[in-house]
Amino acid sequence: GQSLEQPSEVTAVEGAIVQINCTYQTSGFYGLSWYQQHDGGAPTFLSYNGLDGLEETGRFSSFLSRSDSYGYLLLQELQMKDSASYFCAVRDNQGGKLIFGQGTELSVKP
Amino acid sequence: EADIYQTPRYLVIGTGKKITLECSQTMGHDKMYWYQQDPGMELHLIHYSYGVNSTEKGDLSSESTVSRIRTEHFPLTLESARPSHTSQYLCASSGPGRSYEQYFGPGTRLTVT
């Protein structure tokens, strides 16, 4: 079968750093994407790792270890507007479907 | 700024009715997708298309059908709506070789009474 595991909820304070983990077990793997979705909104693309290592985009970074079937999204200098759901998604073949995890709800407190 | 549109945004309809959810994108993307998402839950792929006249069923069994006659248009049709179809339907698209970066429309929130 195919499965992705993420924590269901994470809480952090403004200005802090938070890491959202994602482990996966899929029949094919070409890379790991991360999406943000605010309540009532549409998902928006944040980051993609096709190779092992760290990708940095402003306050957000994403990491992938293919040997461990594991990745994470790192959010630095948290702001209230970062309160949202974050989904990891496996690109299961070169052509292009994504398999989404169940999402992590991040709450940023003052 | 991604340009992908869905209509209607909200729809309340009675059981047994036929409905079509519209999705259009102006980015010339070859791939398009339909997802179903219940509140607070993951996205489930129900249909996708790699190009004109190409459609495939996704991982979630669905009683809907799709068509892709034009690159920019990917409508989803429910022949006979049921209360179990109540959900949010999200359309997305991606460019060549970039299926990992999908652009989503605002969604259609469907309620079947």
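Rules of the game
Residues numbered from 1 in each chain as written. Chains lettered and ligands numbered in written order. Predicted model: local features only at pLDDT ≥ 70, side-chain atom pairs only at ≥ 80, totals over all residues. Heavy atoms only, no water. 1 Å grid on protein atoms, 1.4 Å probe; cavity = no way out; pocket = protein on both sides within 12 Å on 5 of 7 lines; lining within 4 Å. Points joined across faces, edges and corners; volume = space filled by probe spheres on them. Helix = DSSP H or I, 4+ residues; strand = E, 2+ residues; numbered from the N terminus. Buried < 20%, exposed > 50% of the residue type's maximum accessible area, 1.4 Å probe, protein only. Pairing = 2+ DSSP bridges.

Engineer: Just to check I follow, could you spell out the layout of surface pockets for this structure?
Structural biologist: Rolled over the atoms, a probe sized like a water molecule indicates the empty space that remains. By volume, the largest pocket is sized at about 430 Å³. Taken together, 21 residues form the lining of the largest pocket, with Gln37, Asp39 and Ser85 of chain A together with Pro39 and Gly40 of chain B sitting closest to its centre. Looking at the lining of the largest pocket, the elements with two or more residues in it are strand E9 (84-91) and strand E11 (104-109) of chain A. Examining the composition of the lining of the largest pocket, we find that three residues originate from one element, E9 of chain A, more than from any other.

Engineer: How should I be thinking about the pairing of strand E4 (residues 31-37) of chain B in this particular structure?
Structural biologist: Residues in a regular strand point their side chains to alternate faces of the sheet. All names here are of chain B. Burial within E4 is extensive, with seven of its seven residues counted as buried. Burial along E4 is two-sided: Lys31, Tyr33, Tyr35 and Gln37 facing one way and Met32, Trp34 and Gln36 facing the other are all buried. Note: E4 against strand E9 (residues 87-94), seven bridges, orientation antiparallel. By the bridge assignment, Tyr33 is partnered in E9 with Ala92. Sheet analysis places E4 next to strand E5 (residues 44-51), joined by five bridges and oriented antiparallel. By the bridge assignment, Tyr35 is partnered in E5 with Leu45. What sits between the antiparallel neighbours E4 and E5 is a turn of six residues, in which Gly40 has the positive phi angle 75 degrees.

So, to be careful, I would describe these as geometric facts and stop short of saying anything about function.
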